[in-house]
Amino acid sequence: MSEKTRKTAVLFDVDDTLYDQTVPFKEAYAEYFGAEPAVPADVIYPVTRKYSDRVYSRAMAGEITMEEMYIYRVQKAFGEFDISITDKEALDFQKIYADRQRHIHMSPLMEEILSFCSERAELGIITNGPSAHQWNKVKSLRAERWVPHENIFVSAEVGAEKPERKIFDCAKRGMGLEDTEVWFVGDAYPLDVVGALNAGWNAVWMNRRRREKPEDAGKTGPGRVACVETEEELDGFIRELLE
């Protein structure tokens, strides 16, 4: 099959890709810590993500509980600013944050991107996390307007999580993408970009937070990488790719 007639598939991560993850965080943060907190939400958010990333795989493997992960990331983040947070405070904040995550939504532009893609490519989702938690996000985003239910792959159900090749291979088999050019769009370079490349796919790094590329990021395979920092840039890239 020639490159001109070869099918294309575009799969997306969920958190901080299909929606801006800082929105529910900021809403929960303002409700719990007040309108003028000691540490602004924009400052504390990336710090909580740093500590969350450090123990996420342990939580998924059952080495620590999800509650222990929530406590750890909040306490360690505030600890960097010499602020003490109790276990109860960390879990109370998480409860509000989880509620806000049940009311997330895509921007109008992201909806346009998915609509455009759905008419020109196979669409899918690969997301890490507990099954019920991630499916609640998918439902809140109403992603199944464009992505078939059977094309959504959650790590807890697959038994593997990004960047493991197994979850990408599972999606490829499930969607029948053996003779397809596949692109994966995600925000986490070590998980989404490296995982996609190591699976033989291409990747779009949705770098909303303008993070530096990890120095130890590994890459194997011939896949291409594109970097975008805004939904407008993603829209432009997708349109050029599929038109």
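Definitions and cut-offs
- Residues numbered from 1 in each chain as written.
- Predicted model: local features only at pLDDT ≥ 70, side-chain atom pairs only at ≥ 80, totals over all residues.
- Heavy atoms only, no water.
- Buried < 20%, exposed > 50% of the residue type's maximum accessible area, 1.4 Å probe, protein only.
- Helix = DSSP H or I, 4+ residues; strand = E, 2+ residues; numbered from the N terminus.
- Pairing = 2+ DSSP bridges.
- Right-handed = clockwise from strand over helix to strand, strands pointing away.
- Contact = heavy atoms within 4.5 Å.
- Salt bridge = Lys/Arg side-chain N within 4 Å of Asp/Glu carboxyl O.
- Axes fitted to C-alpha atoms, helices over the stretch in contact; angles between N-to-C directions.
- Parallel < 35°, antiparallel > 145°, perpendicular 65-115°, else oblique.
- Nonpolar A, V, L, I, M, F, W, Y, C, P; charged D, E, K, R; others polar.

With respect to the pairing of strand β4 (residues 180-186)
Thought 1: Among the seven residues in β4, seven count as buried, and that is most of the element.
Thought 2: Alternating residues of β4 divide into Thr180, Val182, Phe184 and Gly186 and Glu181, Trp183 and Val185, and every residue in both groups is buried.
Thought 3: Direction of pairing for strand β1 (residues 7-12) relative to β4: parallel, over a ladder of six bridges. Looking at the pairing, Lys7 lines up with Thr180 of β4.
Thought 4: As judged from the four bridges shared by β4 and strand β5 (residues 202-206), these two strands associate in the parallel manner. If you follow Val185 over to β5, its bridge partner there is Val204.
Thought 5: Viewed along the sheet, the connection from β4 through helix α9 (residues 189-198) into β5 turns out right-handed.

Brief notes about α9
Thought 1: Along α9, seven of the 10 residues are buried, which leaves the element largely enclosed by surrounding structure.
Thought 2: For α9, the elements touching its buried residues are α8 (165-175), β4, β5 and β6 (225-228).
Thought 3: Positive backbone phi, at 90 degrees, marks Gly200, one or two positions downstream of α9.

A word on the pattern of salt bridges
Side-chain pairs of opposite charge can arise whenever the charged atoms involved come near each other.
Thought 1: In this structure the tally under the stated criterion is 22 salt bridges.
Thought 2: Among the ionic pairs, Asp15 bridges to Lys137, the shortest N-O distance being 2.9 Å. You can see Asp15 sitting in the loop between β1 and α1 (22-33) and its partner Lys137 sitting in helix α6 (residues 131-141), a full 122 residues away along the chain. Both residues of the pair, Asp15 and Lys137, belong to the buried class.
Thought 3: One salt bridge connects Asp235 with Arg239, and the closest N-O pair in it is separated by 3.0 Å. A residue pair is termed a helical-turn pair when its members lie 3 or 4 positions apart in one helix, as Asp235 and Arg239 do in helix α10 (residues 231-242) at four residues.
Thought 4: A relative accessible area of 15% means that Asp235 is categorised as buried.
Thought 5: Salt bridges here are not isolated pairs; linked through shared partners, they connect Glu27, Glu31, Asp99, Arg100 and Arg102.

Concerning the pairing of β6
Thought 1: Residues Ala226 and Val228 line the buried face of β6, whereas the alternating positions Val225 and Cys227 sit on a face that is not buried.
Thought 2: By the bridge criterion, four bridges tie β5 to β6 in an arrangement that is parallel. Across the sheet, the residue bridging to Trp205 is Cys227, located in β6.

Overview of the environment of Leu234
Thought 1: Within the secondary structure, Leu234 is located in helix α10.
Thought 2: Residue class for Leu234 comes out buried when judged on its relative accessible area of 0%.
Thought 3: On a C-alpha basis, the gap between Leu234 and Asp87 in space is 39 Å, while along the polypeptide they are 147 residues apart.
Thought 4: Not counting chain neighbours up to four residues away, the residues in contact with Leu234 comprise Met110, Ile113, Val185, Val204, Met206 and Val228.

Details of the packing of helix α3 (residues 66-79) against helix α4 (residues 87-101)
A packed helix pair is summarised by two numbers, namely the angle formed by the two axes and the spacing between the axes.
Thought 1: One way to put it is that α3 packs onto α4 with a least axis distance of 9 Å and a crossing angle of 105 degrees. With respect to each other, α3 and α4 are oriented roughly perpendicular. Of the residues in α4, those in contact with Glu67, Tyr70, Ile71, Arg73, Val74 and Gln75 of α3 are Asp87, Ala90, Leu91, Phe93, Gln94 and Tyr97.
Thought 2: When the residues that make up the contact of α3 with α4 are grouped by side-chain class, the tally is seven nonpolar, two polar and three charged.

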